[in-house]
Amino acid sequence: MSPSSIHWQIATVKSIRNETPRVKTFTLGLPNWKRHQPGQHYDIRLTAEDGYQAQRSYSIASEPERKGEIDLTVEKIENGEVSPYLHDVLVPGDLIEVRGPIGGYFVWEADTKTPLLLIAGGSGIVPLMAMLRHRAAIGDNAPACLLYSSRTFEDIIYHNELEELQQRENGPKVFHTLTRIHPTGWKGYTRRIDNEMMKEVIQPLGPTFQTFICGPTLLVESAAEELVRLGVPPTQVRTERFGPSNPAQGG
Ligand SMILES: Cc1cc2nc3c(=O)[nH]c(=O)nc-3n(C[C@H](O)[C@H](O)[C@H](O)COP(=O)(O)OP(=O)(O)OC[C@H]3O[C@@H](n4cnc5c(N)ncnc54)[C@H](O)[C@@H]3O)c2cc1C
């Protein structure tokens, strides 16, 4: 963490957007904005009147090209301490304590040469979205594929934007899998990530690519294992786990 990232600052909630029934995006204006690397996160700290504090990490969803503000996309965990507060109490105009950007391992900078494989489960899409938005902003044309596992169609975060990015020239190829319920006529996958699926997803990328996997622990571990089984060197695979081990793939 650089010195300016360690210091807490008071952000202003500029807007709040519903992404899915359980997920909202918060746009925060930052007095000490600093360019982030896609994949990095901010910490949020809440302080109660009696001085009790709770702190959680949230990945940056927005691209670094957007100056002065960041987007954080948060899934509401029903019995959680912090995410229900953000969902149910916070309103535009509120002030909130944050620090960042933080993280130096799960980060990606577009280099226009190396193909990119992104694998997400549930809210694990958030840091990968920052990568896709950055990729689009700088016009990176190296091949990119996203494999995104969600429970149901309604749980897919950023669905329309992902479609829109995919339609663009040199846009990423987006593969969805729905692990619980799928709508009639659904053309994507309908199962957990497996060997066959992984083979199809990596096929357009050629032999060498960088991989970022983010989501619930079990999804991250099984996706990384499938890749290694397919001969991908572990050094090409970076992972980030959100929350506790969760048997339900897709968050
Ligand atoms: C580097 C990093 C980046 C992150 N980025 C994001 C992000 O972009 N968006 C986002 O929504 N979350 C993200 N998280 C998770 C986030 O930090 C919190 O853990 C999450 O919001 C739950 O906090 P809470 O206070 O609401 O629940 P807590 O009070 O921490 O937990 C309440 C209960 O829910 C369980 N629980 C906690 N997290 C989960 C989960 N993910 N799934 C299922 N059960 C859970 C706990 O075991 C506990 O039983 C990130 C975590 C890390 C480490």
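Every value quoted in this text rests on a predicted model; they were computed, and no experiment measured them.

Participant: Hey, could you run me through the pattern of salt bridges in this one?
Facilitator: Side-chain pairs of opposite charge can arise whenever the charged atoms involved come near each other. Enumeration according to the criterion identifies 18 salt bridges in this entry. Across the salt bridge formed by arginine 191 and aspartate 194, the nearest N and O atoms sit 2.5 Å from each other. One salt-bridge network, held together by shared partners, links Lys14, Arg66, Glu69 and Asp71.

Participant: Whenever I open this one, the sheet that holds strand β3 (residues 41-47) confuses me. Can you help?
Facilitator: Remark on secondary structure: sheet strands pair via backbone hydrogen bonds, oriented parallel or antiparallel. Strand order in the open sheet formed by six strands is β4-β3-β6-β1-β2-β5, with antiparallel pairing between adjacent strands. Two strands close off the open sheet at either side, each with one partner strand: β4 (53-59) and β5 (69-75). Averaged over neighbouring strand pairs, the angle between their axes works out to 40° when direction is ignored. With seven bridges joining them, β3 and β4 adopt antiparallel strand pairing. The residue bridging arginine 45 from the neighbouring strand is glutamine 55, located in β4.

Participant: Looking at this model, I keep getting lost on the site of the ligand. Mind explaining?
Facilitator: Around the ligand, the structure places 21 residues, and the nearest of them are Arg56, Ser57, Tyr58, Val82 and Ser83. Serine 57 is positioned such that a nitrogen or oxygen atom in its backbone is 2.6 Å from an oxygen atom of the ligand. For the ligand, a nitrogen atom lies 3.1 Å from a polar atom in the backbone of serine 59. Protein burial of the ligand: of its 930 Å² of free accessible surface, 75% is covered by the chains. Those elements that provide at least two residues to the shell around the ligand are β4, β5 and α2 (83-88). Ranked by the residues each element gives to the shell around the ligand, the list is headed by β4, at four residues. For the shell around the ligand, a count of residues per class yields eight nonpolar, nine polar and four charged.

Participant: Can you walk me through the packing of helix α3 (residues 125-138) against helix α4 (residues 159-167) in this structure?
Facilitator: Working note: a packed helix pair is described by the angle between its axes plus the distance between those axes. For the pair α3 and α4, the least separation of the axes is 12 Å and the interaxial angle reads 35°. Note on packing geometry: the crossing formed by α3 with α4 is left-handed. Contact residues: Met129, Leu132, Arg133 and Ala136 in α3; Glu161, Leu162 and Leu165 in α4. Split by residue class, the contact of α3 with α4 holds five nonpolar, no polar and two charged.

Participant: How should I be thinking about the environment of threonine 211 in this particular structure?
Facilitator: Here threonine 211 lies in strand β10 (residues 210-215). For threonine 211, a relative accessible area of 1% translates into the label buried. Separated by 105 residues in the primary sequence, threonine 211 and phenylalanine 106 place their C-alpha atoms 10.0 Å from one another. For threonine 211, the residues in contact, after removing those within four places along its chain, are Leu117, Leu227, Gln236, Val237 and Arg238.

Participant: What is the right way to look at helix α5 (residues 195-202) in this model?
Facilitator: An α-helical turn contains 3.6 residues, so a residue and the one three or four places further along point in the same direction. Along α5, the residues classified as buried are Met197, Met198, Val201 and Ile202. Seen along its axis, α5 keeps its buried residues to an arc of 120°; they face one direction. Those residues of α5 that are buried are in contact with β7 (116-121), β8 (144-150), β9 (173-178) and α6 (217-229). Its side-chain oxygen at 3.4 Å from the backbone nitrogen of glutamate 196, aspartate 194 defines the N-terminal cap of α5.

Participant: Help me out: how do you make sense of the sheet that holds strand β11 (residues 237-241) in this one?
Facilitator: In spatial order, the strands read β9-β8-β7-β10-β11; together these five strands make up an open sheet with parallel pairing. The sheet terminates laterally at β9 and β11, the two strands that pair on one side only. Looking at each pair of strands side by side, their axes are set apart by 10° on average, direction ignored. Pairing between β7 and β10: five bridges, direction parallel. Paired with leucine 117 across the two strands is threonine 211, which belongs to β10. Across the sheet, α5 lies against β7, β8 and β9, angled at about 150° from β8, the strand it touches most. Packing of α6 onto the sheet brings it into contact with β7, β8, β10 and β11, and relative to β10 it is tilted by some 155°.

What counts and what doesn't
- Residues numbered from 1 in each chain as written.
- Predicted model: local features only at pLDDT ≥ 70, side-chain atom pairs only at ≥ 80, totals over all residues.
- Heavy atoms only, no water.
- Salt bridge = Lys/Arg side-chain N within 4 Å of Asp/Glu carboxyl O.
- Pairing = 2+ DSSP bridges.
- Helix = DSSP H or I, 4+ residues; strand = E, 2+ residues; numbered from the N terminus.
- Axes fitted to C-alpha atoms, helices over the stretch in contact; angles between N-to-C directions.
- Near = heavy atom within 4 Å.
- Polar contact = N/O pair within 3.5 Å; in protein donor to acceptor, adjacent residues only side chain to side chain.
- Areas by Shrake-Rupley, 256 points an atom, 1.4 Å probe, with all protein chains shown as cover.
- Nonpolar A, V, L, I, M, F, W, Y, C, P; charged D, E, K, R; others polar.
- Left-handed = near helix turned anticlockwise from the far one by under 90°.
- Contact = heavy atoms within 4.5 Å.
- Buried < 20%, exposed > 50% of the residue type's maximum accessible area, 1.4 Å probe, protein only.
- Arc of directions from axis to C-beta.

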